[in-house]
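Now for the letters of each chain:
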Amino acid sequence: MVVPKTFKFNNGKEIPSIGLGTFNSPPGQVTQAVKDAIDAGYRHIDCAWYYGNEAEVGQAIETKIKEGVVKREDLFITSKLWCNYHEKEKVVPMIKDSLKNLKLEYVDLYLIHWPFGFKEEAGPWPNEGNPESYSDADITETWEGMEEAQELGLAKSIGVSNFNKAQVEKILNACKIKPVCNQVEVNPNFNNKKLIEYCKENDIIVAGYCPLGRVDSYGKPRIPKPTIFDPKVAEIGKKYNKTPAQVVLNYLITTLGIVVLPKSVTKSRIIENFDIFDFQLDKEDTDYIDSTNINVRVCLAAYFGNHKDYPFHDEY
Ligand SMILES: NC(=O)c1ccc[n+]([C@@H]2O[C@H](COP(=O)([O-])OP(=O)(O)OC[C@H]3O[C@@H](n4cnc5c(N)ncnc54)[C@H](OP(=O)(O)O)[C@@H]3O)[C@@H](O)[C@H]2O)c1
């Protein structure tokens, strides 16, 4: 099987199967990382208002367009609406703010970052478990704002992130414009197969975040050992002359059929993570990686477990 370079949305547009993640990429380093990624062949950059570095990402995009390396239409740029702005009338101003920082006229994909909303004045990461900080806005109201953003041409496509099955279903039952994508955690430790299956049945592409298991968090309480540190995965890599990260990213795209968003600010890793299109894993190898699933998330946002829209109480 050929490793797909893109996946097709339910609106006919395409999303590159690998994008550079930018969460936790420091403002002083992310401009160079995005330039290195574009030079390495990436055409998809995953951003968010919350990451606080969209202006630096925008500088890199502007430079690469000015240098003639890419045209705007060659790129696929995602941004996300943060939780303080879930009321319908706040969505368009917030996408405009991201566009201003990114120095773009449109994003290719705009996502609701999390299903739970906070009051605007509560700040971006309100005090743990304080219901006073939570917004009452319903996710279908936020979705109406997203539809408006697409209708105004500010986003080519719209979708959701961290939505569970019931929340996706709620949007599907209420929407004028169907979500094209659900961006959720997927890595071999947490392969999220049931949600991926549900999204596929409903023609929604899944983009997998923390595809490498957020390597930098390993060692913190509760964070499982990323599969790229499994010696057996290193052995599998040797068979194909690939690194463990390349094996895992290839597995996620081909075997699970999802988009991957590995983050790195290290040039050699940025190049390494993109060099995944020229091999096909044997069944015994994908079976092994399947067997490493332990259903443990890296990204729990457990502080907000008492919010009415917290997504991870349901099985999927
Ligand atoms: N929608 C959401 O709620 C949400 C949540 C989390 C993440 N995301 C998106 O998904 C992206 C990826 O997730 P993530 O950053 O949490 O985790 P990740 O991509 O699984 O892991 C990133 C870590 O892995 C390291 N790394 C990268 N390539 C490597 C390689 N080939 N070998 C060894 N280590 C490697 C990076 O180090 P260096 O940078 O130092 O090279 C960084 O420490 C984010 O950046 C963001 O765009 C979205």
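Residues numbered from 1 in each chain as written. Predicted model: local features only at pLDDT ≥ 70, side-chain atom pairs only at ≥ 80, totals over all residues. Heavy atoms only, no water.

Observations concerning the overall build of the chain
Then, in step 1: Across its full length, the chain carries 10 helices and 10 strands.
Then, in step 2: Along the first, second and third principal axes, the C-alpha atoms of the chain reach 55 × 45 × 35 Å.
Then, in step 3: The proportion of buried residues among the 316 residues of the chain is 57%.
Then, in step 4: Across the chain, every contact between residues at least 6 apart in sequence was considered, and the portion connecting residues at least 24 apart equals 76%.
Then, in step 5: Approximately 13,200 Å² of the chain is accessible, and the part contributed by carbon and sulfur atoms is 48%.
Then, in step 6: Computed over 38 positive and 45 negative side-chain charges, the inter-centroid distance for the chain is 4 Å. (Helix = DSSP H or I, 4+ residues; strand = E, 2+ residues; numbered from the N terminus. Buried < 20%, exposed > 50% of the residue type's maximum accessible area, 1.4 Å probe, protein only. Contact = heavy atoms within 4.5 Å. Areas by Shrake-Rupley, 256 points an atom, 1.4 Å probe, with all protein chains shown as cover. Lys, Arg positive; Asp, Glu negative; His and termini not counted. Charge placed at Lys NZ, Arg CZ, Asp CG, Glu CD.)

A few points about helix α9 (residues 267-274)
Then, in step 1: Among the residues of α9, I270, N273 and F274 are the ones counted as buried. The arc enclosing the buried residues of α9, seen along the axis, measures out at 100 degrees, which places them on a common side.
Then, in step 2: Buried positions along α9 lie against β3 (20-21), α1 (27-40) and α8 (244-254). (Arc of directions from axis to C-beta.)

Notes on the sheet that holds strand β6 (residues 107-112)
Then, in step 1: Spatial ordering of the open sheet is given by β3-β4-β5-β6-β7-β8-β9-β10, a layout of 8 strands whose pairing is parallel. Edge positions in the sheet fall to β3 and β10 (259-260), since each has one partner strand and no second.
Then, in step 2: Relative to β10, strand β9 (residues 205-209) runs parallel, the two sharing 2 bridges. Paired with G208 across the two strands is V260, which belongs to β10.
Then, in step 3: Packing against the sheet, helix α4 (residues 139-151) makes contact with β5 (76-81), β6 and β7 (155-161), and its axis sits at approximately 160 degrees to β7. (Pairing = 2+ DSSP bridges. Axes fitted to C-alpha atoms, helices over the stretch in contact; angles between N-to-C directions.)

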